[in-house]
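So the chains spell out like this:
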Amino acid sequence: MLFFILRRLGTMLLTMVCLTLVVFFLVNLEPNLKKLAISQTEMHTSAEQLEQWLVRHGYRQNFFVRYGQWLGVVKKAPLINPDTGKAEQRFSFCNDPTEPVYSGVLQGDFGCSTKFKTTAAKRLFPALGATGILMFWVLVVMIPISLLIGILAGMREGSRTDRTLSVASIATTATPEYVSGVIFTVIFASWLGWLNGSAASASQGITFYNFTLPVMTLAIYGIGYIARMTRASMVEVMTQQYIRTARLKGLSFSSVVIKHALRNALIAPFTVIMLQFPWLLTGVVIVEVMFRYQGFGYILVEAAGNNDIDLLLGCSLASVFIVLITQLISDVGYAYLNPRIRVQ
Amino acid sequence: MVSEFVGPLGVITGVLVRFWPVWLALALVLAASFTYKKRLGLYGQLFDSYVGIAGVIICLFWLFTAIFASTIAPFNPLQQLVVMKDALPGAIEPETHKVFLFGGDKLARDVFSRMVYGSQIVLIIAPAATGFALMVGITLGLPAGYYGGKIDTVLSFLANLVLAFPVILLFYLLVTPGIMDTPIPYGMAGLFFIFPIIFFCVLFWTRYKNRPDRLYILLGLTLVIGGWIYVGLVFDKDPLRIVHIDPNQLNIFVAVVFASSPGVFRIVRGLTMDIKTRDYVAAAQTRGETPWYIMLWEILPNARGPLIVDTCLRIGYTTILLGTLGYFGLGLAPESPDWGTAIKDASRLLRQTIHPALPPTIALMSFVLGLNLLADSLREQSLKD
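1. Quick look at the overall build of chain B
Now for step 1: In terms of regular secondary structure, chain B is built from 16 helices and 2 strands.
Now for step 2: Over its C-alpha atoms chain B spans a radius of gyration of 23 Å, differing by no more than 12% from the 21 Å that the globule rule assigns to 385 residues.
Now for step 3: Taking the principal axes of the C-alpha coordinates as reference, chain B spans close to 80 × 55 × 40 Å.
Now for step 4: Out of the 385 residues belonging to chain B, those deemed buried represent 43%.
Now for step 5: Nonlocal contacts in chain B, meaning residues at least 24 apart in sequence, comprise 72% of its contacts between residues at least 6 apart.

2. Remarks on the overall build of chain A
Now for step 1: Of regular secondary structure, chain A possesses 15 helices and 4 strands.
Now for step 2: A burial count over chain A gives 40% of its 344 residues as buried.

3. Some details on the interface of chain A and chain B
Accessible area lost on assembly of the parts is the figure often given for the size of an interface.
Now for step 1: Facing the 38 residues of chain A at the interface are 35 residues of chain B.
Now for step 2: Contributions of two or more residues to the side of chain A that touches chain B are made by α1 (2–27), α2 (30–40), α6 (160–173), α7 (177–191), α12 (277–290), α13 (296–305) and α14 (309–337) of chain A.
Now for step 3: Counting residues per element, the side of chain A that touches chain B draws most heavily on α7 of chain A, at 7 residues.
Now for step 4: Residue composition of the side of chain A that touches chain B, by class: 26 nonpolar, 10 polar and 2 charged.

4. Considering the environment of Thr361 of chain B
Now for step 1: Among the structural elements, Thr361 of chain B can be located in helix α16 (residues 358–384).
Now for step 2: Taking the C-beta count within 10 Å as the criterion, Thr361 of chain B has 25 such neighbours and is therefore assigned buried.
Now for step 3: The contacts of Thr361 of chain B, once residues within four sequence positions are left out, are Val179, Val182 and Ile183 of chain A together with Ile343 of chain B.

5. Quick look at the packing of helix α6 (residues 111–147) of chain B against helix α9 (residues 184–208) of chain B
Residue and element names in this part refer to chain B.
Now for step 1: The N-to-C vectors of α6 and α9 enclose an angle of 65 degrees; their axes lie 9 Å apart at closest approach. Of the two possible hands of crossing, α6 and α9 adopt the one that is left-handed. Residue-level contacts link Phe132, Met135, Val136, Ile138 and Thr139 of α6 to Phe192, Phe193, Phe195, Pro196, Ile198 and Phe199 of α9.

6. Re unusual backbone geometry
Residue and element names in this part refer to chain A.
Now for step 1: Positive phi is not limited to glycine here, since Arg292 has a value of about 55 degrees.
Now for step 2: The topology assignment puts Arg292 in the loop between α12 and α13.
Now for step 3: A count of 15 C-beta atoms within 10 Å places Arg292 in the partly exposed class.
Now for step 4: The residue Asn307 is not glycine, and still its phi comes out positive at about 50 degrees.

7. Structural notes on the confidence of the model for chain B
All names here are of chain B.
Now for step 1: Within chain B, residue pLDDT values average 85, and 99% of them lie at 70 or more.
Now for step 2: The secondary structure element of chain B with the lowest average pLDDT is strand β1 (residues 91–92), at 74, and the one with the highest is helix α12 (residues 279–287), at 91.
Now for step 3: Of the two predicted TM-score estimates for the complex, the pTM is 0.87 and the ipTM is 0.83.

8. Quick word on the packing of α6 of chain B against helix α14 (residues 304–327) of chain B
Residues and elements named next belong to chain B.
Now for step 1: Interhelical geometry of α6 versus α14 gives an angle of 125 degrees and a closest axis separation of 9 Å. When the axes of α6 and α14 are compared, the pair comes out oblique. As for how α6 packs across α14, the hand of that crossing is right-handed. Between α6 and α14, the contacting residues are Val122, Ile125, Ala126, Pro127, Ala129, Thr130 and Leu134 on the first element and Thr311, Arg314, Ile315, Thr318, Thr319 and Leu322 on the second.
Now for step 2: Tallied by class, the residues present in the contact of α6 with α14 amount to 8 nonpolar, 4 polar and 1 charged.

9. Comments concerning the environment of Leu36 of chain A
Residues and elements named next belong to chain A.
Now for step 1: When you line up the elements, Leu36 lands in helix α2.
Now for step 2: Here Leu36 falls in the buried class, since 23 other C-beta atoms lie within 10 Å of it.
Now for step 3: Separated by 130 residues in sequence, Leu36 and Ser166 have C-alpha atoms that sit 49 Å apart.
Now for step 4: Residue contacts for Leu36: discarding those within four places in its chain leaves Thr114, Asn307 and Ile309.

10. Description of the environment of Val29 of chain B
Now for step 1: With respect to the helices, strands and loops of the structure, Val29 of chain B is situated in helix α2 (residues 20–35).
Now for step 2: Sequence-wise, Val29 of chain B and Ile57 of chain B are 28 residues apart; in three dimensions their C-alpha atoms are separated by 9.7 Å.

So, how was this worked out
Residues numbered from 1 in each chain as written. Chains lettered and ligands numbered in written order. Predicted model: local features only at pLDDT ≥ 70, side-chain atom pairs only at ≥ 80, totals over all residues. Helix = DSSP H or I, 4+ residues; strand = E, 2+ residues; numbered from the N terminus. Rg over C-alpha atoms; globule rule 2.2 N^0.38 Å. Buried ≥ 20, exposed ≤ 12 C-beta atoms within 10 Å, placed from the backbone. Contact = placed C-beta atoms within 7 Å. Nonpolar A, V, L, I, M, F, W, Y, C, P; charged D, E, K, R; others polar. Axes fitted to C-alpha atoms, helices over the stretch in contact; angles between N-to-C directions. Left-handed = near helix turned anticlockwise from the far one by under 90°. pLDDT = per-residue confidence, 0-100. Parallel < 35°, antiparallel > 145°, perpendicular 65-115°, else oblique.

Here you go:
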């Protein structure tokens, strides 16, 4: 088991290095660097001045050297100003070192955000925290509802409850966040006026009024999927021999479901919930943009829109990390919950 | 401002009347399907359950809407009639006396016509991109599952790499105006679009290599048609100017194929690993068939059930992806009538007007719902066998 986890962690690290390298390559494409230089300099600068800006801020150094610097395995050297001959900071707003030091992601330095004029870490971690709160409430709403729907539907396969709930869950999986968000806003904010169509004020304090719509929108897409998986797993368990035995020895239907079926039926949904995280990440971006909530999705869009290289790299690292760690947890958890695999 | 309106009843009848080619085509197809239900195999079995019928009707509805879009839509989707800015549903256009059935949007375009034309974009790109993703996934997934070992390790690692990317980040990196100046989208298009050609060449070669009369015709056809489309799509140099795709459409097309082929790969790989242990595969191996013959003519046909279901779901998922692209304003032109772009435009103004937001959202939702219902009923049918 330990060996399995170690090997998975190794693959995970390799994946992260490969992915950040790909992202690094893509954000450093010539047109993207041009875009960055244009947005960072004054209006109407000539091509030479743009080039000069890129050179002066170190964007013309060797690709792998810069990747190494970002990672923290190559020393980050200050740039020598050709006019004065002195070493100077790359970006004054985030205290870049003036002496060569190892200062990359491995040392906890996520670089400079050119868009927000501060260190990337100062923007990234509060945003992740804000998104964490959103995610927490989404999971609190999503998991009990979807499990309940799945169990009720899968308890008696083919019954009317099953048919109705199955069609309802299919309908929610057909409703992406940007569709359900619009529909909910129209119904609950524009027509009924019960809820706020914007979560911008949620950064100061979360209330039922400003936070329900984002949570509801994010949860609804996942509910259908998890419910269907739970249903399938429940249906399979209900046809097992030991359930029939339990029924035949005279136990009531409800106690069979609760005591015998439930535990085994919940193994598969656990995996599915964990694997929902990559989906949720995309949903978070849509929902945060739609409801103007300043979290991870918001800074990702801002960083990508302005080609804010370090912040975008930080965002990719964070999201890839979340995806991979949830995959690992799902695998380990599955092995732990399922005795057939655990014994092997 | 507009002074004349038709009432809600007028709007409903107006919409029903405008869709007349769709109703006609639907009636013909459904009547034919019910009559010959027994002879239509899997498609005929769909008509055994209400879920299947609903799925077929919704999908066909949007298919025919896309085909007859120019007849159904009363206005040009890009035409701006200034008086109709933010007009409410049912407003009558003063000059032509035609009705803006679902009202006008903030740029004074007819919401109804845009919804109808939007179906064209979605129904061309989503199935085509899914088709290419299927080809890539099958061509790589079969050997990975069949041979295992190093090929499997490498290909699975690559697939997991792409799957570990949150889709939205992938799109923000791959679908930008800047990337069109680099050779990356064209390189990727060149790589992905060659897979169907390889697939069909190998398919025909393994089957007919001892029957040159058939083989050369089929191979020739594949190479000519495939090569023609390839040249048209990747280099935009179709000598006859029939096959053509805009650079930004090529870009989103490639990004969507890239995002969804690892999923197909994983499914095909899993199915292959399962099926290769069956007796008929062992029989084929004993007969001395080549590995590619076994993969393409023994394993693939037996994996078709789950693959068809997955393809249905995947077209729906691709539609959602396209909507996401439109919602973030990536790739598609800002005035494009596709549903995602329309939802983006309308959702920014929900505080003032809501009517432009509803038609595209409901259109997108119903189309994906139709595909999901279809997939669900196909799955039930395949479980029955």
